[in-house]
Amino acid sequence: MSDDKTTNKIIQINTISKKSGDYIAECPHCKDIYRLIGNDLSAVRGTRYLHSACDGWLVVSKTARFIRNLP
Ligand SMILES: [Zn+2]
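Here the residue numbering is sequential within each chain, running from 1 through the sequence in written order. In keeping with the model being predicted, local features are shown solely for residues with a pLDDT of at least 70 and side-chain atom pairs are shown and tallied solely at 80 or more, while totals for entire chains, interfaces and linings include all residues.

(A) Representation of the environment of Val59 within the structure. Put simply, DSSP marks the helices as runs of H or I at least four residues long and the strands as runs of E at least two long, and each gets a number from the N terminus on. Relative to the assigned elements, Val59 resides in strand S5 (residues 56-66). For the pair Val59 and Val44, spaced 15 residues apart in the sequence, the C-alpha separation amounts to 9.1 Å. Whether two residues are in contact depends on their C-beta atoms, placed from the backbone: they are in contact if these lie within 7 Å. If we skip the residues at most four places from it in the chain, Val59 touches Ile10, Gln12 and Arg48.

(B) Layout of the sheet that holds strand S3 (residues 33-36). In this scheme, strands are said to pair when DSSP sees at least two bridges between them. Sheet architecture is open: five strands sit in the order S3-S2-S1-S5-S4, paired in mixed fashion. Among the strands making up the open sheet, the edge pair consists of S3 and strand S4 (48-51). Across this sheet, the average inter-strand angle for adjacent strands is 45°, counted without regard to direction. To obtain an axis, a line is fitted to C-alpha atoms, over the contacting stretch when the element is a helix, and the angle between two such axes runs from 0 to 180 degrees between their N-to-C directions.

(C) Looking closely at unusual backbone geometry. Notably, Ser20 is not glycine yet its phi reads approximately 50°, a positive angle. With respect to the helices, strands and loops of the structure, Ser20 is situated in the loop between strand S1 (10-19) and strand S2 (22-26). By C-beta crowding, Ser20 is classed as exposed, having 6 other C-beta atoms within 10 Å. Its identity as a non-glycine residue notwithstanding, Lys31 has a phi of 70°, on the positive side. Topologically, Lys31 is positioned in the loop between S2 and S3. Residues are called buried when their C-beta atom has 20 or more other C-beta atoms within 10 Å, exposed when it has 12 or fewer, and partly exposed otherwise; all C-beta atoms are positioned from the backbone.

(D) Spatial organisation of the environment of Pro28. Of note, Pro28 is situated in the loop between S2 and S3. Along the backbone, Pro28 and Trp57 are 29 residues apart, and their C-alpha atoms lie at a distance of 8.8 Å. In this view, Pro28 contacts Ile11, Ile13 and Leu58; residues no more than four positions away in its chain are not counted.

Such coordinate-based values are descriptive only and should not be taken to indicate function.
Okay, structure coming up:
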């Protein structure tokens, strides 16, 4: 359970934000800010992304909250 660097595990994220016109989220694997491809919230929510920097999969929750600034 301690191997959160395992890259084949898809981790759900529940908060997203926006920067310079792009949706962003904190990668749950490497904690880097990840730029989400998608034009609007409905396109981003429920979508799986592969973070190429760490080969980690993440999925944006269908009910992910939009926040102005990531913590
Ligand atoms: Zn990552």
